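Structural characterization, general
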Amino acid sequence: MGAPQCLNWMSLGFALSMGERLRPLGLVQVIQIQMTRFQANTSSGPKGPKAPQSLDPWKKILQSGQIPDANMIHAIRKQRQQAREQGDMIPIDDTVRLEEGKGRLVRDDDNDRSDDEEGSSRMDFAVNQQARDRQQRQEAFNAAQDDGTDNSDHEREWEKQQLQKARASTKAAGCEGEASQDGLPDPSTGGPFPASLDNCGLAGVGNGSSSTSVSQMEPTLWGQESLIPASSSALPRPANYQAEGIIKRLQDSRTSLEEVYRRHQKEADTVIDDLVTCKSTISRCSLEQHPLTSIFQFYQDIRGYVTDLRDCLNEKVPQIGGLEEQVYALYRQRAQKMVQRRRQDVRDQNDEFSPFAGKGALGDEYRTRRAAEREGRRTRRRREREKRGDSNHHDGMSTDDEESQSEIQLMQTELEHIAAEARKIFEDVEDDFSQLKRIMTRFEEWRGKDRPTYSDAYVSYNLPKIFAPYIRLQMLLWNPLMKDSESVEVERMKWFNLLLLYGTGDTTDDDPHSLREDPDRKLMSHLVEKVVLVKLKELVGCWWDPLSHTQTVRLVNLMRHYAEAYPSLSPSSKPLRELTHAIINKIRDAIDNDIFIPMFPKNVYDNKNSGVSLFFQRQFWVAWKLLSSTLMWHKVLSDSVIHDLAVRSLLNLYLLPALNLAAEINPTDALDKCRNVSIVQSQAMQ
């Protein structure tokens, strides 16, 4: 190797040893330039004598990676100077340049940038990236100030450049790392450059072209997708190249393939089984399609029907409730009129026969008229009893509930008007929603077609709410407490006979247990509980008179009949509790406001036919009649309630003081009263 080549490689080794001062781009430029000049020199032949052999020690020191000190650098510089004077060295940079405005030659020292004596004269191979970035940001800022509409374009261009720079820096660092690991080739051996160095952008160095610039190489350097090619050494190699090893590898491969085949065969069998199952499922679904389609259509129809029925009832139920309130208002008005008249008669008689009443009360015109009407009603009741042959009767046992013919006719007219309004409620509704029979048939069809869904939808528990508006409309004028009433028994009504056989047409199982567990068997009990008892509670509040023996007998018989005939009427039933509370409150009100027995001095009752004696007898038998009515509720109301109402309130507070007074006046009459009281009590106990 000649002296210029040796010095060139020494410079390259020095540059590599000082690599921490250079950027990746400067290293590539140095290698490119040295390779270009080396190939040019070898192609053209040596131009001078060989370099002295004294350079070899420096080369070995530099190749070993030792960092040269100042003395070594000075000695190397002296040797380079001597080689330059002899003309045997090719400088790193072009030494022949034209000076600006002059045609003289420039010495190599003027262009030598490798000296470290003056930092300003050293060649800088690196690109001042910070200065370039600052310049680009300044240009982008100025452009943004000049034209605000191009901000987005400049920003995208700047971001693109920054991403390209970051990617290039990463790839160059990877290329330099690979070069440092593999080491640089020795030019004396004449060997080619490694492929990794060629991939880093030096492919064009050894082609003899020394005019390739760094700017032309950069696209090749930064455009590489993979800096390190895949190595063939990663592929597995057989450990034994003998026949036994090859046979073993073939057997292992065959075993693996057979295992894969068995797994695939098993998967194929599974797929075939799944295919057979799917075909059978498709066949079964095809057979079930028609029934399921019909059931689905039925469910759609029943869903639409129930929705329409709900909307219809939401509109009609308030109208039915309004008509019921009108009926109750008429009943309440009539009952209040009767009670007020009876209580006013008691006050008038007390004022008339009391020795403490003033004389001005006797001359009242209205009082006189009321007394005449009262006596007329008593006379008519007495004549009716005489016609019936009722001799065991005392004055005061009958109920003064007589009405004039005009009042009866007026009330009848009002009830007929309400009945006419009731018939118009469902005039604008189709028969499927207005007739109870049609509605019952639709739900019976659901029950017979799909019993499980019928049970899951809790239809049996909602039927009383669905049928209740139609039953309430038929029972709008039903009043079993009214005199001469023809609709006393609910069992004779049309709706009762219609719903009595609900759910019996599709019954095929005669098991008594299943019949008892069927919730539809309790439909009539629930209807009586939720409709009839609620109706009775309203009638008790607006019509029932506890002093009326006839009304009390009818009401007690109805209560006992419902409690015995319908098992759902247990003491825990809410409608039943509300009805009993209404009965107790009505009896208590009669005791507090209707019972009055005059307790005057004994000498006032000397004359048996006097007005005060008759008034005393009449009021005693009124209290006795209320006691009899109260004791009728034995076994219907609790014993504690009966004891409180009959014994403590009536017997102790009113009847016993009256019996004591009657014993002083007439012992025989007192014994008769006591006998009647005991008979009432014994009858109640039975």
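What counts as what
Residues numbered from 1 in each chain as written. Predicted model: local features only at pLDDT ≥ 70, side-chain atom pairs only at ≥ 80, totals over all residues. Heavy atoms only, no water. UniProt positions renumbered as here; feature names shortened; annotations may be inferred. Helix = DSSP H or I, 4+ residues; strand = E, 2+ residues; numbered from the N terminus. Buried < 20%, exposed > 50% of the residue type's maximum accessible area, 1.4 Å probe, protein only. Contact = heavy atoms within 4.5 Å. Areas by Shrake-Rupley, 256 points an atom, 1.4 Å probe, with all protein chains shown as cover. Salt bridge = Lys/Arg side-chain N within 4 Å of Asp/Glu carboxyl O. Axes fitted to C-alpha atoms, helices over the stretch in contact; angles between N-to-C directions. Left-handed = near helix turned anticlockwise from the far one by under 90°. Phe/Tyr/Trp six-rings, centres within 6.5 Å; stacked < 30°, edge-to-face > 60°. Lys NZ or Arg CZ within 6 Å of the ring centre and 35° of its normal. Core = buried A, V, L, I, M, F, W, Y, C linked by side-chain atoms within 4.5 Å. Expected span 1.5 Å × (residues − 1). Bend = angle between axes of the 7 residues up to and from the residue. Parallel < 35°, antiparallel > 145°, perpendicular 65-115°, else oblique. Nonpolar A, V, L, I, M, F, W, Y, C, P; charged D, E, K, R; others polar. pLDDT = per-residue confidence, 0-100. Polar contact = N/O pair within 3.5 Å; in protein donor to acceptor, adjacent residues only side chain to side chain.

An unreviewed UniProt entry annotates the protein chain as GCF C-terminal domain-containing protein originating from Scylla paramamosain. Of the comments in the UniProt record for the protein chain, the one headed Subcellular location (unreviewed entry) reads "Nucleus". Under the Sequence similarities (unreviewed entry) heading, UniProt states for the protein chain: "Belongs to the GCF family."

**Some thoughts on the overall build of the protein chain**
Helix and strand counts for the protein chain come out as 24 helices and zero strands. Counting the 686 residues in the protein chain, one finds 36% classified as buried. Taking the contacts inside the protein chain whose residues are at least 6 apart along the sequence as the reference set, 75% of them involve residues at least 24 apart. Carbon and sulfur atoms make up 52% of the accessible area of the protein chain, which totals about 41,600 Å².

**Quick word on the pattern of salt bridges**
Evaluation of the coordinates by the stated rule reveals 36 salt bridges. Taking the shortest distance from any N to any O, the salt bridge between Asp428 and Lys316 comes out at 3.0 Å. Remark: Lys316 occurs in helix α10 (residues 243-353) and Asp428 occurs in the loop between α12 (405-423) and α13 (431-434); sequence separation between them is 112 residues. Owing to a relative accessible area of 58%, Asp428 belongs among the exposed residues under this scheme.

**Some thoughts on the packing of α10 against helix α22 (residues 611-631)**
Across the interface, α10 lies against α22 with an axial gap of 10 Å and an inter-helix angle of 145°. Crossing handedness for the pair α10 and α22: left-handed. The segment α10 lies against α22, with Val346, Gln349, Asn350 and Phe353 engaging Gly611, Val612, Phe615, Arg618 and Gln619.

**Structural notes on the packing of aromatic side chains**
In this structure the tally under the stated criterion is 16 aromatic pairs. Ring geometry for Tyr458 and Tyr461: centres 6.2 Å apart, planes at 50°, overall tilted. Like Tyr458, the residue Tyr461 is exposed in the burial classification. With a centroid separation of 6.4 Å and an interplanar angle of 15°, the aromatic rings of Phe600 and Tyr605 are classed as stacked. We note that Phe600, like Tyr605, is buried. Over the aromatic face of Trp543 sits the side chain of Arg334, whose NZ or CZ is 4.4 Å from the ring centroid.

**Focus: the side chain of Lys673**
Examined against the element boundaries, Lys673 turns out to sit in helix α24 (residues 667-685). Take Lys673: its relative accessible area is 0%, and that puts it in the buried class. In this view, Lys673 contacts Gln617, Phe620, Trp621, Leu659 and Ala662; residues no more than four positions away in its chain are not counted.

**Structural notes on unusual backbone geometry**
For Tyr458, which is not glycine, the phi torsion reads 55° and is therefore positive. Here Tyr458 shows up in the loop between α15 (451-456) and α16 (459-474). Residue Tyr458 is classed as exposed on the basis of its relative accessible area, which comes to 51%. Backbone geometry at Lys635 places phi at a positive 75°, although glycine is not the residue there. Turning to its location among the elements, Lys635 is positioned in the loop between α22 and α23 (639-665).

**A look at the nonpolar core**
Residues Phe467, Trp495, Tyr562 and Trp633 are the most contacted members of the largest nonpolar core, which totals 105 residues. Element by element, the count of residues in this core is highest for α10, at 12 residues.

**Comments concerning α16**
Taking 1.5 Å per residue as the helical rise, α16 with its 16 residues ought to reach 22 Å, and the 23 Å between its terminal C-alpha atoms agrees with that figure. Taking the largest bend as the criterion, α16 deviates by roughly 40°, centred on Ala468, and proline Pro469 comes between one and four positions later. Taken together, the buried positions of α16 are occupied by Val459, Ser460, Leu463, Pro464, Ile466, Phe467, Ala468, Pro469, Tyr470, Ile471 and Leu473.

**Some points on the packing of α16 against helix α19 (residues 523-542)**
As a packed pair, α16 and α19 sit with axes 10 Å apart at the nearest point and diverge in direction by 60°. Considering the angle they form, α16 stands oblique to α19. Relative to α19, α16 is oriented so that their crossing is right-handed. Residues Leu463, Pro464, Phe467, Ala468, Ile471 and Arg472 of α16 lie in contact with α19, whose contacting residues are Leu523, His526, Leu527, Lys530 and Val531. For the contact of α16 with α19, a count of residues per class yields eight nonpolar, one polar and two charged.

**A look at the confidence of the model for the protein chain**
Looking at the protein chain, the pLDDT average stands at 76 and 69% of residues meet or exceed 70. Note that pLDDT drops below 50 for residues 1-28; the model gives that stretch 69 contacts with residues more than four away or on any other chain.

**Topic: the environment of Ala658**
Its location among the elements puts Ala658 in helix α23. Distance in space between the C-alpha atoms of Ala658 and Phe616 is 8.7 Å, their sequence separation being 42 residues. Sequence-distant contacts of Ala658, defined by excluding residues within four places in its chain, comprise Ile597, Phe616 and Phe620.

**Here's the deal with the side chain of Arg447**
Along the chain, the position of Arg447 falls in helix α14 (residues 436-449). The buried category is assigned to Arg447, whose relative accessible area is 3%. Here Gly503 takes part through its backbone oxygen, which lies 3.2 Å from a polar atom of the side chain of Arg447. A polar atom in the side chain of Arg447 sits 2.3 Å from the side chain of Asp520.

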